[in-house]
Amino acid sequence: MNWWHNAVGYEVYIRSFQDSNGDGIGDFDGITQRLEHLAWLGVDVVWVTPFYPSPQYDFGYDVADYTDVDPAYGDVDAFRRFAARAHELGLKVMIDIVPNHTSSHHRWFRKALEDPDSPERDYYIFRPGRDGGPPNNWVSHFGGPAWTLDEKSGEYYLHLFHREQPDLNWSNPAVRDEFDRILRFWMDEGVDGLRIDVAHALMKDAELRDNPQILPLPEDATPSQAMAAFEHVHDLTQESTKEIYRRWKGLPGADRVLLLGEVYVLDVEKSASYMGVGGLDLCLFFALNRRPWDPVRFVDEIRTWSLASPDGFAWTISSHDEDRPVTRFGGGELGRARSLAIWTIFAAIPGLPFVYQGEELGLENGYVAPEHIKDPVGLAAYEESRDFCRTPMPWDSGPNNGFTTGEPWLVSSPRRPEETVEFQRQDPDSFLHRFRRLLLTRRRLESRRSGKVEWLPSPPGVALALYGEVLVVSNLNDDTVRVELPPGDWRLEYSPDGSEGEVTRSEVEVPPATGWIYSSAEA
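Residues numbered from 1 in each chain as written. Predicted model: local features only at pLDDT ≥ 70, side-chain atom pairs only at ≥ 80, totals over all residues. Heavy atoms only, no water.

Peer 1: Tell me about the overall build of the protein chain, residues and numbers included.
Peer 2: Across its full length, the protein chain holds 13 helices and 18 strands. On C-alpha atoms alone, the protein chain measures out to a radius of gyration of 23 Å, which is about the 24 Å that the 2.2 N^0.38 rule sets for 523 residues. Seen along its three principal axes, the alpha-carbon backbone of the protein chain occupies a region of about 75 × 50 × 50 Å. Out of the 523 residues belonging to the protein chain, those deemed buried represent 61%. Contacts in the protein chain between residues far apart in sequence, at least 24 positions, make up 67% of those at least 6 positions apart. Of the roughly 19800 Å² of accessible surface on the protein chain, a fraction of 48% belongs to carbon and sulfur atoms. (Helix = DSSP H or I, 4+ residues; strand = E, 2+ residues; numbered from the N terminus. Rg over C-alpha atoms; globule rule 2.2 N^0.38 Å. Buried < 20%, exposed > 50% of the residue type's maximum accessible area, 1.4 Å probe, protein only. Contact = heavy atoms within 4.5 Å. Areas by Shrake-Rupley, 256 points an atom, 1.4 Å probe, with all protein chains shown as cover.)

Peer 1: Any details on the pairing of strand β2 (residues 45-48)? Residues and values, ideally.
Peer 2: Every second residue of β2 is oriented toward a common face, with Val45 and Trp47 on one face and Val46 and Val48 on the other, all of them buried. Strand direction decides the pairing type here: strand β1 (residues 9-12) and β2, joined by four bridges, are parallel. Opposite Glu11, over in β2, you have Trp47 as the bridge partner. Taken together, β1, helix α1 (residues 28-41) and β2 form a β-α-β motif whose crossover is right-handed. With four bridges connecting them, β2 and strand β3 (residues 92-97) associate as parallel partners. Along β3, the bridge assignment pairs Val48 with Ile95. As a crossover connection, the stretch from β2 through helix α2 (residues 76-88) into β3 is right-handed. (Pairing = 2+ DSSP bridges. Right-handed = clockwise from strand over helix to strand, strands pointing away.)

Peer 1: I'd like a description of unusual backbone geometry, backed by residues and values.
Peer 2: Negative phi is the rule for most residues except glycine; trans is the rule for most peptide bonds. Despite not being glycine, Asn6 shows a phi value in the positive range, around 75°. Among the secondary structure elements, Asn6 is positioned in the segment before β1. Classification of Asn6 by relative accessible area gives buried; the value is 16%. Positive phi is not limited to glycine here, since Thr237 has a value of about 50°. Residue placement: Thr237 occurs in the loop between α5 (223-228) and α6 (241-249).

Peer 1: Mind laying out the packing of α1 against helix α13 (residues 431-444), listing which residues take part and the relevant values?
Peer 2: Interhelical geometry of α1 versus α13 gives an angle of 60° and a closest axis separation of 9 Å. Contacts between α1 and α13 pair His37, Trp40 and Leu41 from the former with Leu432, His433, Phe435, Arg436, Leu439 and Leu440 from the latter. Looking at side-chain class alone, the contact of α1 with α13 contains six nonpolar, two polar and one charged residues. (Axes fitted to C-alpha atoms, helices over the stretch in contact; angles between N-to-C directions. Nonpolar A, V, L, I, M, F, W, Y, C, P; charged D, E, K, R; others polar.)

Peer 1: Explain the sheet that holds strand β9 (residues 282-283) to me, and be specific about the residues and the numbers.
Peer 2: Taken together, the seven strands give an open sheet; going across it, the order is β9-β8-β7-β3-β2-β1-β10, and neighbouring strands pair in parallel fashion. In the strand order of this sheet, the two ends are held by β9 and β10 (354-356), each with one partner. Summarising the sheet, β3 and strand β7 (residues 193-196) pair through four bridges and their orientation is parallel. Bridged to Ile95 within β7 is Leu194. Along the sheet, α2 makes contact with β2 and β3, crossing β3 at roughly 140°.

Peer 1: Now, about the side chain of Glu360: what can you tell me, with residues and values included?
Peer 2: Inspection of the secondary structure puts Glu360 in the loop between β10 and α11 (376-380). At 2.8 Å, the side chain of Glu360 and the side chain of Tyr10 are in polar contact. In terms of polar contacts, Glu360 uses its side chain to reach the backbone amide nitrogen of Gly358, at 3.0 Å. (Polar contact = N/O pair within 3.5 Å; in protein donor to acceptor, adjacent residues only side chain to side chain.)

Peer 1: Give me the lowdown on the pattern of salt bridges, citing residues and values where you can.
Peer 2: Going through the model one piece at a time under the given rule, you end up with 39 salt bridges. Taken together, the shared-partner salt bridges in this structure form one network comprising Asp58, Asp321, Asp375, Arg386 and Arg390. (Salt bridge = Lys/Arg side-chain N within 4 Å of Asp/Glu carboxyl O.)

Peer 1: Describe the side chain of Arg195, with residues and values.
Peer 2: Within the secondary structure layout, Arg195 lies in strand β7. In this structure the side chain of Arg195 is engaged in a polar contact, spanning 2.9 Å, whose partner is the side chain of Asp197. Apart from residues lying up to four places away in sequence, Arg195 is in contact with Trp47, Tyr61, Met94, Ile95, Asp96, Ile97, Leu260, Glu262, Leu284 and His320.

Peer 1: Summarise the sheet that holds strand β11 (residues 454-455); cite the residues concerned and give the values.
Peer 2: Taken together, the six strands give an open sheet; going across it, the order is β11-β12-β13-β18-β15-β16, and neighbouring strands pair in antiparallel fashion. Of all the strands in the sheet, just β11 and β16 (503-504) have a single pairing partner and so form its edges. Of the strand pairs in this sheet, strand β15 (residues 490-494) and strand β18 (residues 514-520) are connected by four bridges, and their pairing is antiparallel. Among the inter-strand pairings, Trp490 is bridged to a residue of β18, identified as Ser520. Strands in contact with α13 are β15 and β18; relative to β15, the strand with the most contacts, it is inclined by about 130°.

Peer 1: Would you mind going over the environment of Leu334 in detail, with residue names and values included?
Peer 2: Relative to the elements of secondary structure, Leu334 occurs in helix α10 (residues 332-348). Taking the C-alpha atoms as reference, Leu334 lies 18 Å from Leu438; in sequence the two are 104 residues apart.

Peer 1: Tell me about the packing of aromatic side chains, and name the residues and values.
Peer 2: Taken as a whole and assessed by the stated rule, the structure comprises 45 aromatic pairs. Both rings, one in Phe17 and one in Trp395, keep their centres 5.2 Å apart while their planes meet at 80°; by these two values the pair is edge-to-face. Separated by 378 residues along the polypeptide, Phe17 in the loop between β1 and α1 and Trp395 in the loop between α11 and α12 (421-426) bring together distant segments of the chain. With centroids separated by 4.9 Å and ring planes inclined at 75°, the aromatic side chains of Phe109 and Tyr124 adopt a geometry described as edge-to-face. In this pair, Phe109 sits in helix α3 (residues 107-114) while Tyr124 sits in the loop between α3 and β4 (126-128), placing the two residues 15 residues apart along the sequence. Here Phe109 falls in the buried class, since its relative accessible area comes to 2%. (Phe/Tyr/Trp six-rings, centres within 6.5 Å; stacked < 30°, edge-to-face > 60°.)

Peer 1: Explain the nonpolar core to me, using residue names and the numbers behind them.
Peer 2: Formed by 136 residues in total, the largest nonpolar core has its most connected members in Phe28, Phe51, Phe79, Phe82, Ile95, Phe179 and Trp248. Here this core gets eight residues from one element, more than from any other, and that element is α10. Those residues in contact with Phe51 that sit more than four places away from it in its chain are Ile14, Phe28, Asp68, Val69, Asp70, Tyr73, Phe79, Ile95 and Trp186. Of all hydrophobic cores here, the second largest spans 15 residues; its members include Leu485, Leu492, Trp516 and Tyr518. (Core = buried A, V, L, I, M, F, W, Y, C linked by side-chain atoms within 4.5 Å.)

Remember that the coordinates give geometry; whether it matters functionally is a separate question.
In structure tokens:
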């Protein structure tokens, strides 16, 4: 069995986790200082967002050199110190690979602009315009057309994201060879996993045909509204993309490395097809990440997705790209209870759940004033900014919440003392301790979680699932619900209030927004 089965992941957004040198930007030595917190919490793998040299138009997702570390985050030796300490603590290391596009500052793209006859020109997708405009109607995730004119040559280049993030041409064998070398470099550095950014978008329609327009596109459309106006059948989810991951899985040593895809596709069958014979080991689950609270739909989505793959998915309700779930789920104690009820399901069923930094504290969105917004999406539409979930990690109630001794790269309102790691570590009834007990329960019951998950009949908005000898019942509704347990004796292994140990049979009354985990008392 691979190491990622039964594991729990933790996403570190490197700029906002911990600054070690007072420049206001999180870095590798800062992560290393805080790794003991993650080991104590009970996670198994640390995923670090992009740390490569970059002009930071998209804060690291615009890569200028795939085999180095941006000086703001340290250097390769700092990465090695981080990886060594993580491994000492029993933590696996996963890094972000960004293969859909490079930075416009990458030497490949600079060469492509300087010399249209260079081999590097075909590393990207350049095309003549059409009717005095771009080659087709594709739009950028960050707003506007997905094409920018190269005035020197008169051709346009494709960028599904920022214009400073030109898309690579994965039909070119030379691009594939380059990434084989990049992956081997980091595997030689001892990484245990690769989170693949925009994993569903590498290959494009060979003819670059227009996407069908399905909604009106107003002139003042936000980036998300513009994306929703089209059916993305030609710019995303091309079947040939899977060939790339099958190739990667065949690289020497890749059998021990988790290939985790950011397949942002809300069609469960399409997403699942990227796993197994599709080359990826797991795909991230996004069905709940941008949705307001909806108990019936949430249970149905988790059930449907969990049954689509024997190994489940990489479960998330949070990341560096969306509003924090506590905010989306009603705020305050209500939002925290609902978030924990979802996490209780994730902890019991097959798959690899991921904590986004601060999620273990039950954090709501931070506040960033309009004049301090840095995110390119937020600069286009303030209400869609990703900065609200990227505010610095609150370690204590000192200056800048212990994140930095300098001026934070992202200016935001300070967190209250009770929102900090220091405060919650000292309070046994805090959200942090409730969350930690859940992760440790999952680990403790690891040997009893096996086989195929079975979803049992339950009232709407209630998850009732049996995985081996482990049973989860989670009521996402606003009212207490009576639930019929399967035959037998069931010992309560996890309850948010700490009242474990009771053996139950038959019916239970589950309070609102509450999840419980049981094990068979007859085994």
